[in-house]
Amino acid sequence: MTLAAGSRLGPYEIVAPLGAGGMGEVFRGRDTRLGRDVAIKVLPPGFAQNEQFRARFEREAKTISSLNHPNICTLFDVGQAVIPTSEAVDVIPSEARNLSSADSSPSARNDGTASTAGMTVHYLVMELIEGESLAERVQKGPLPLDQVLRYGSQVADALERAHKQGIVHRDLKPGNVMITKTGAKLLDFGLARPASESAVVHGMTEMPTQARPLTQEGTILGTFQYMAPEQLEGAEADARTDIFSLGALLYEMATGKRAFEGSNRTSLIAAIVSSHPAPISSVAPMAPPALDHIVKKCLEKDPDDRWQSAHDVASELRWLSEAGSQAGVATTVTIRRKTRERLAWGVNLLTAALAIAGTWAYLDRPGPPLPPIETAVIPPKDMRVAINGGFAIAPDTSSLVVVMNDVRLGNSLWLRRMDSAQFRPLPGTEDASHPFWSPDSRQIAFFANGKLKAVDAAGGNVRVICDAPAGRGGSWGAAGSIILAQSGISPLVRVPAEGGAPQPLTKLATGETSHRWPWFLPDGKRFIFVSFLAAGTDSASSKVCQSSLDEPEKVTSITTANTSAAFVPGGYLLFARENVLYAQRYDPDEERVDGEPTPLTDRIAVTDRFLALFTVSNDGTLVLQRGAGFQLTQLQWVDRTGRPGGTVTPPGLYFCPTLSNDQKRVAVDLSNTLDGQGDIWVFDLERNVSDRLTFDKSNESSPLWTPDDKKIVYYMAKLGTGNAWQIASGGTGQPEQLVMDDRDKRPTSLSRDGRWIVFNSAGTGVTANTDIWIWSADEKKVRAWLATPFVEQCAQLSPDAKWIAYQSDETGRHEVYVRAFPDGEKKWRISSDGGMMPAWRADGRELYYVSLDRKMMAADVTPGTDLVATAPVALFDATVRPHPTRQYDVSADGQRFLLNRMVESDLIEPIAILQNWQSRVGGK
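Report follows, based on the coordinates. (Residues numbered from 1 in each chain as written. Predicted model: local features only at pLDDT ≥ 70, side-chain atom pairs only at ≥ 80, totals over all residues. Heavy atoms only, no water.)

Some words on the pattern of salt bridges
No. 1: A complete count under the given rule lists 33 salt bridges for this structure.
No. 2: The shortest N-O distance in the salt bridge between Asp589 and Arg526 comes to 2.9 Å. With Asp589 in the loop between strand E34 (580–587) and strand E35 (592–602) and Arg526 in strand E29 (residues 526–533), the pair connects residues that are 63 residues apart, well separated along the chain.
No. 3: Note that Asp778 is salt-bridged to Arg755, the shortest N-O span being 2.7 Å. Of this pair, Asp778 sits in the loop between strand E50 (770–776) and strand E51 (781–786) while Arg755 sits in the loop between strand E48 (744–750) and strand E49 (756–762); the two residues are 23 residues apart in sequence, bridging distant segments of the chain.
No. 4: Among the charged side chains, a network of salt bridges with common partners joins Arg28, Arg30, Asp37 and Glu130. (Salt bridge = Lys/Arg side-chain N within 4 Å of Asp/Glu carboxyl O. Helix = DSSP H or I, 4+ residues; strand = E, 2+ residues; numbered from the N terminus.)

Below is the structure:
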């Protein structure tokens, strides 16, 4: 939340920003009543909508208010204020971005979000501390001994006061200590909790509620370098946990170096749990040995072996300050000192030799398993993780690629090195989805614009590998082959990694609808995949299978699962059932699982394509996302300028809205967020009521009204192939089948005289390109109307049935064209810079489409022997759901548009990195 200078929060005036922390931004302010300068900490709107972070903010206020100590920052006030939205720009701190993005919703709320009246701001008012943080100070080098002892004892005194009032800080680090002219001040009790409150929430992913702790098992709050072993293990934290952190703080103050280091997170955690830092005297020779003793006792692994109170530490530090630098050293000096020194050197050498031998013996024995550790992945500013896009970690764990979404520009690939917090975009990857890596971690394959493409991780030209009209996963084998699902109704095919024509690989057995989400085993020959039955609606009907490039006809069923699966070297199978991610021991040679599956997390996000949002590297580093996995939309009216004109539906999983010819009703596919399958619903725009028309367990979608509005023609996928059905629009009678053959056909347009139905039609396997097919009432059969090597779809008949507008990727990206109908000999390109989802005005004199940067475009059309169209102009931003069929409709006069508009949703949580989960999995 960036507040403009001069903004008012009650009696407090904003002067200037001071900095940003994990839980908000801090401003210098002025108390206009008392005439004093203050520090104002503001909770961002994105946090205010999240119960967990709102509770944490309120906890900090209550915690600080209960503490009164010269070495603890004083809280003056806490409150809320409504400010004009023009005075605030929401900049959600990166660690919270995507936790709740509903703050940009137009609906008014009172939890810190924008409303028509303004924006509600939650804030704390604290004393303004002038000085520098201890983190800034230690960057300049170690502190003098007198300052180490002085500031250290003051921090210990502050902790003693907190502990006496039953409060554990849990995030003591240099950044939370300020150095002022009067001494040290302890800040930021945002992670503090009452010591009586249990530290563990049973179940790794159980969300905390009010009055429950913010720590979750396997979820680490705080900063790794300063955390006690029991925090890393998810055990209960008490006052002695803060003492460990104080020891790490003292060590860094005295030496200028951190007590625990590691080349990566895993090695750092291992160091904290099982090793000891070098003695302070070996890094800072002038430090007194007694300081070594004090700090070493703070850093004991077992809390029972540490100092048992902050009071003890403060007393020891004050004693050392009074005793001087020789404290702990014998004061008697004799003429035999050189002999003693020689003896000491001998003892030291012997001790060192024994220590080295002991270290090797320790390293040779297996240590205790490391606890599961979870950290969050922060998306770039102004970007969000694309729902249905997917992400993939490199096999060597070096990088993570994520499909990010810009609300106007759509999806693209962004890359983050695992040793960095920064993402960078990969140019040329627009419209990307479902990325996967080459086995050497140098290239990334992905689906975009009806193709499977590849790009170097370092950046460079994007190349096309093969056609894939609606890709449902791929895997890149060590032998140079790629296997993929070209669509949601196809078996797997195989293609050389350098590109070429796909070759059939697997075959759909009776009752199977598709093979999806392949994953190569380490030998690059065998692979696993998921077989779906009955459109994947029943987990017992979908299964993980194993096959091989050499014998693809030999398929072994491994276990049931209703989403994608993965194999981890070392013998682990990961899969999901009913939104729970499981791990199970698996032997690919024996083709069998061992033991019972172990749940790793519930609420794993599953998309409407039955992709469980997780990915894993060869060393077992697991990246996952929790939440619903669906992009919610809402049917909303707008005028030609984009000004809202009212909503028709609440947020939901809607597809393909179509207005009736009399403009009084709208038919739409409303899907179930639990299984992703749709049914046809009708919303009466005059009476504000809705009726469900279809109840089949299959997927029904793409409704179209017959000319008299008495029936609705729609798409139903049954037994692996979708075809045209119809049902009475009044909700009576049974569905009847119109067209049936072995080629999938989704109706996109009906002629006004009822003589023609136009389809998106996709084949299976290597013939999976989408073409335009038609059904003729005269011929009573379907036939191809436009079939090329390219993807043509979303065809719309003009009102007089003399023209068809459609989109094609023949130029390398989707553009909108018009062809004469029914002969189709002539064509005209309408879009000038990419386009999709065309629609006609009722009189056929204007043509609309959505540009690739999500703007509603319009072009005047003059029919005749040849079609004449003006240059298209942009009307408004149209953030409709991406889909191969039209996701909006237009009123008969072209003055209003009914958009299936994407809405912000907090159903998706941040991407998380989970390590060391293997220790929890049973089996041999």
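The discussion continues.
Observations concerning the packing of aromatic side chains
Two aromatic rings, taken as a pair, are described by how far apart their centres are and by the angle between their planes.
No. 1: Enumeration over the complete set of coordinates arrives at 16 aromatic pairs.
No. 2: Their ring planes at 80 degrees and their centres at 6.3 Å tell us that Phe520 and Phe527 sit as a pair that is edge-to-face. Each member of the pair Phe520 and Phe527 is classed as buried.
No. 3: Judged by centre distance (5.4 Å) and plane angle (70 degrees), the rings of Trp803 and Trp828 are edge-to-face. Remark: Trp828 occurs in strand E55 (residues 827–829) and Trp803 occurs in strand E53 (residues 803–808); sequence separation between them is 25 residues.
No. 4: Residue Trp803 is classed as buried on the basis of its relative accessible area of 5%. (Phe/Tyr/Trp six-rings, centres within 6.5 Å; stacked < 30°, edge-to-face > 60°. Buried < 20%, exposed > 50% of the residue type's maximum accessible area, 1.4 Å probe, protein only.)

A look at unusual backbone geometry
No. 1: The omega torsion across Phe821 and Pro822 is 10 degrees, close enough to zero to call that bond cis.
No. 2: If you check the backbone angles, Asp431 has positive phi at about 70 degrees while not being a glycine.
No. 3: Secondary-structure assignment places Asp431 in the loop between strand E19 (423–425) and strand E20 (433–437).
No. 4: The exposure class of Asp431 is partly exposed, given its relative accessible area of 38%.
No. 5: The phi torsion at His434 lies on the positive side, around 50 degrees, for a residue other than glycine.

Digging into the sheet that holds strand E33 (residues 572–577)
No. 1: Across the sheet, 4 strands lie side by side as E32-E33-E34-E35; this open sheet has antiparallel pairing. The sheet is open, and its two borders are formed by strand E32 (565–568) and E35, each paired with just one other strand. Across the sheet, the axes of successive neighbouring strands diverge by a mean angle of 25 degrees, strand direction being ignored.
No. 2: The pairing of E34 with E35 spans 7 bridges and is antiparallel. When the sheet's bridge partners are listed, Tyr582 is paired in E35 with Pro599. (Pairing = 2+ DSSP bridges. Axes fitted to C-alpha atoms, helices over the stretch in contact; angles between N-to-C directions.)

Considering the packing of helix H6 (residues 239–255) against helix H9 (residues 289–298)
No. 1: In the contact formed by H6 and H9, the axes pass within 7 Å of each other and the chain directions differ by 145 degrees. As for the relative orientation of H6 and H9, their crossing is left-handed in sense. Where H6 abuts H9, its residues Ile243, Phe244, Gly247, Leu250, Tyr251 and Ala254 lie against Leu291, Val295 and Cys298.
No. 2: Class assignment for the residues of the contact of H6 with H9 results in 8 nonpolar, 1 polar and no charged. (Left-handed = near helix turned anticlockwise from the far one by under 90°. Contact = heavy atoms within 4.5 Å. Nonpolar A, V, L, I, M, F, W, Y, C, P; charged D, E, K, R; others polar.)

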